[in-house]
Structure formats: structure tokens, C-alpha cells
Amino acid sequence: MEKIRVLSIFGTRPEAIKMCPLVKALEKSDRIESIVCVTGQHRQMLDQVLEIFHITPDYDLNLMKDRQTLTTITTSVLSTLEELLPQIKPDIVLVHGDTTTSSSAALAAFYQKIPVGHVEAGLRTYDIYSPFPEEMNRKLITQIAELFFAPTENNKKNLERENIHKNVFVTGNTVIDSFQYTVKENYKYKNDKLNKIDFSKSRFILMTAHRRENLGEPLENICRAAKRIVMEHEDVELIYPVHLNPAVRNTVFSILDGTERVHLLDPIDVEDMHNVMAHSYLLMTDSGGLQEEGPHFGLPVMVLRTETERPEAVEAGTVALVGIEEGRIYDYAYELLDNQEKYMQMAHAVNPYGDGHASERIVDEIVKWKMNKG
Ligand code: UD1
Ligand code: UDP
């Protein structure tokens, strides 16, 4: 029987972290021929992930530019895939989540009338400007996709509200699958700065912030609040792997560099990241993915945004939507550091994002879909 040609297209760090476990599962299936194309929307941060999963892409569009714009990413993806897709001739293209790589790859596939499967489908904030442009990217992909892999029942309901009822599968989030590749006992970090940190000496706040809508004043607020918190708690240290975007780095380094007990790092690879999480006390982030990972490690997560597309974790009590005002961030972190009861409530909530078998479910559904389609 002819194998199903499944082309996975991704390009940024978070897509790679969540697509690599799926690529591994696709490779294991004897019914599938797995083909990988990376756009290289991110370069170094993408390559870090590919290395860990030992995945060598079959195609690499290598399109990252310094301070690239949404338009340049979109047009490069569209024009390169217009040439490439007719050569590859996939039966289905898989895209992930909400990046510009994902929405433009989905559109490129649609132009060739190739069915699209959307991994991590059905997340919504209902504000097209927050996160920007991700909320619109999600909506666009929903219009194009034929198969929808929704991490949670709530994501499925969001799709149903938009009259999407066919081929919607609740699978869990593939990020949980990734832990089996990354989390290890007695782990030795690749970033030597992490090996020099004594994790038993202090309580560690792990922080990341990079979102486009937080650039400028919100990011300044976040950094100032973090600085005050650390300066006022002698037993607290901050680890902040700083995104490579120059617009992020300028702000972060100008406020936090040189502060005692603050460790500013270059982006660490996902193996280092997950193992740091396992030894941290509190997570402060504007990231999407980290809201799903924190609960797995029993880490309270303070979300440094005004909305979240992950209400399940807020309902479960492990994630708090704290916002981007300096005073509020400071107060909330202060409470979690000083009020043990509140801390324990958040630390012991249950992770709603699945059992680590999402990738296998997605592979099964692709095989069934193709059999029914003939
Ligand atoms: C992108 C995604 C966002 C995701 C984020 C994860 C879009 C619109 N945004 O935003 O959804 O949360 O990735 O990190 O798709 N850079 C490097 N090396 C790298 C990566 C980035 O130097 O490996 C620098 C480049 O100067 C680049 C800039 O960062 O131009 C911004 O990258 P870009 O992908 O455009 O935006 P992100 O903010 O990373
Ligand atoms: N991450 C990482 N190294 C870092 C910062 C984040 O490996 O220095 C991982 C993190 O564990 C999560 C993913 O990157 O899996 C989140 O990506 P990001 O915050 O860039 O994007 P988002 O999830 O917000 O789209």
C-alpha cells in the first residue's frame, strides 16, 4: 500500500518544540512517509531544537532576516512554497499553532489545493490584536484546515462555536509529549552558566518575555518589577533567558544587567529549559507554551499579559493572569514568595494539557482520515 506523504512545515522555536515529538511519531508509523520542511523564520533558536530531537529537515527555506517584518516572512514563505509544494506533492501539510510561518504555509498549501492539518487548533482570545498577529493567524488557519487537532475540550468548543464540527479531534498538547525527550535526572546543563548556579541555595524565579505587544513600555514594567522583587528578597534569584530579538534585548539588558542575583542568559535550548523548570520556584512569562509546561513541573505561572488563550490552566488554578503593570506584577510575585498557602494552592493544581500521547493520537487520525478519503 502506498504510504501517506505527510509534510510538516514549521519555523520558530515553539512550533519546533511541539512538532518534533509529532515528527518522531510520524517517522515510527509504517503507513506514513514523513517529510519535514523548516522555513527558518527563527534560525539559532530553531536549530537548537532540531539538534535535540536529531531531526534533519528535508527542506530548509532559511528565510530569517534581522528585524524581519510580518510581510517579509509571509511573502518569502508563500513564494518559496509555491515552487516547492508541487515538487514534494504531499497528501497533507501539517502546520502548528499561530505563527506567521504557520498561517502562510497553510495558505501556500491551500493555493495548491493540498489539505491542511492544524496541530494545536482552537485556541482563541477573541481579540485580533492580542496576541498580535497570532490570534488572526489562528483564525486564518481554521478557515483553511481540513483536520483539527485540538489540545483540550475547551479548544474543541471554540471551534464548534465557529461551526467547525467535522474532523475535530481532542488530542492533548504535544508539548507534554516532548518531556520524554528532555527531562532527565542528574541532568548536566549545556549552558555552563547554569551549571555554576546553586539551585539549592535560593528560590529561583524563571522569567521569559518577548511578545510583540509587550515590546516597549510593558516590557520595561515587567523588568522593573522583577528587579525590585529580587532586590528585596535576599533568598531569591532570577534566571531570564533573553530572546534574540534586538528589540527585546535592548530593553532587558538596559534595566536588569548587572543586578545582583539576576542571571541574564542567551536563549537556552529546550533540554536546559525544561530541566531549569524542574528546579525553579516560580515562573513569570508572556509565552504561550510556558503556560502549558509550568503546571507539569508544579510551578505557579504568572502570565505577563492582559489575556490568555489558555483559560484551562487559569481555571485549574495553576496559571494567574497578572497583566503588564509594574505594581501588580510586583504585588503578585511578592504574595507568592511570602504567602506559603497561596503558593501551595497554585503549585499543586492539575495540568489540563494531556497525558503525553497527543502525537500518537494525531498519527492515528491522519491514517484513518486518509483511509476514509481513499
Ligand atoms: C515569533 C512568533 C511568535 C512566537 C515567537 C516565539 C510570529 C508573528 N511570531 O515571534 O508567535 O511566540 O516567534 O519565540 O510568527 N531572532 C534571531 N534568531 C532567532 C530568532 C529570532 O536573531 O533564532 C531575531 C531576528 O532579528 C528576528 C527577530 O528575532 O528578526 C524576531 O523574530 P520573529 O520570528 O519575527 O518574531 P518573534 O518575536 O520571535
Ligand atoms: N524555551 C526554550 N528556551 C528559552 C526560552 C523558552 O527552550 O530560552 C521554550 C519553552 O520551554 C517553551 C517554548 O520555548 O517550550 C516557548 O517558546 P516561546 O516563548 O518562544 O513562544 P510561545 O510559546 O510564546 O509562542
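What counts and how
- Residues numbered from 1 in each chain as written.
- Chains lettered and ligands numbered in written order.
- Predicted model: local features only at pLDDT ≥ 70, side-chain atom pairs only at ≥ 80, totals over all residues.
- Heavy atoms only, no water.
- Near = heavy atom within 4 Å.
- Polar contact = N/O pair within 3.5 Å; in protein donor to acceptor, adjacent residues only side chain to side chain.
- Areas by Shrake-Rupley, 256 points an atom, 1.4 Å probe, with all protein chains shown as cover.
- Helix = DSSP H or I, 4+ residues; strand = E, 2+ residues; numbered from the N terminus.
- Patch = residues over 30% accessible without salt bridge, like charges linked within 9 Å, V, L, I, M, F, W, Y side chains within 5 Å.
- Salt bridge = Lys/Arg side-chain N within 4 Å of Asp/Glu carboxyl O.
- Buried < 20%, exposed > 50% of the residue type's maximum accessible area, 1.4 Å probe, protein only.
- Pairing = 2+ DSSP bridges.
- Right-handed = clockwise from strand over helix to strand, strands pointing away.

**Student:** What am I meant to see in the site of ligand 1 here?
**Tutor:** Close to ligand 1 lie 25 residues, the nearest being His42, Gln44, Lys65, Thr100 and Glu134. Contact distances for ligand 1 include 3.0 Å between an oxygen atom and a side-chain N or O atom of Gln68. Within the side chain of His243, one N or O atom sits 2.9 Å away from an oxygen atom of ligand 1. With the chains in place, 96% of the 750 Å² that ligand 1 exposes on its own is no longer accessible. At the level of elements, helix H2 (44–53) and helix H3 (70–88) are the ones that each hand at least two residues to the shell around ligand 1.

**Student:** In this structure, what is going on with the site of ligand 2? I would like to understand it.
**Tutor:** If you check the shell around ligand 2, you find 17 residues, and the closest are Arg13, Ile268, Gly288, Gly289 and Glu293. A distance of 2.8 Å is found between an oxygen atom of ligand 2 and a side-chain nitrogen or oxygen belonging to Arg13. Out of a free accessible area of 540 Å², ligand 2 has 94% covered by protein chains. For the shell around ligand 2, the elements supplying multiple residues, two or more each, are helix H1 (13–28), helix H11 (270–277) and helix H12 (289–296).

**Student:** Is there a simple way to explain a nonpolar patch on the surface in this structure?
**Tutor:** On the surface, Ile128, Tyr129, Phe132, Met136 and Leu140 cluster together to form a nonpolar patch covering roughly 450 Å² of accessible area. Structurally, Met136 can be placed in helix H5 (residues 134–144). Accessibility expressed as a relative area gives 30% for Met136, which makes it partly exposed.

**Student:** Can you walk me through the pairing of strand S6 (residues 147–150) in this structure?
**Tutor:** Regular strands show a simple pattern: their side chains alternate between the two faces of the sheet. Neither face of S6 is exposed, since Leu147 and Phe149 on one face and Phe148 and Ala150 on the opposite face are all buried. Sheet topology places strand S5 (residues 116–119) next to S6; three bridges connect them, and they run parallel. Bridging from a neighbouring strand, Gly117 pairs with Leu147 of S6. With H5 bridging S5 and its parallel neighbour S6, the resulting β-α-β unit is right-handed. Strand direction decides the pairing type here: S6 and strand S7 (residues 168–170), joined by three bridges, are parallel. Each residue of the ladder has a partner; that of Ala150, found in S7, is Val170. One crossover worth recording links S6 to the parallel S7 by way of helix H6 (residues 153–161), and it is right-handed.

**Student:** Got a minute to help me understand the pairing of strand S4 (residues 92–96) in this structure?
**Tutor:** Counting buried residues in S4 gives five out of five residues, a clear majority hidden from the surface. Of the two faces of S4, the one carrying Ile92, Leu94 and His96 and the one carrying Val93 and Val95 are both buried. Note: strand S1 (residues 4–10) against S4, three bridges, orientation parallel. By the bridge assignment for S4, Val6 is matched with Ile92. Where S4 meets S5, four bridges bridge the pair, whose relative direction is parallel. Bridged to His96 within S5 is Val119. After leaving S4, the chain enters helix H4 (residues 100–111) and then returns to the sheet as S5, a path that is right-handed.

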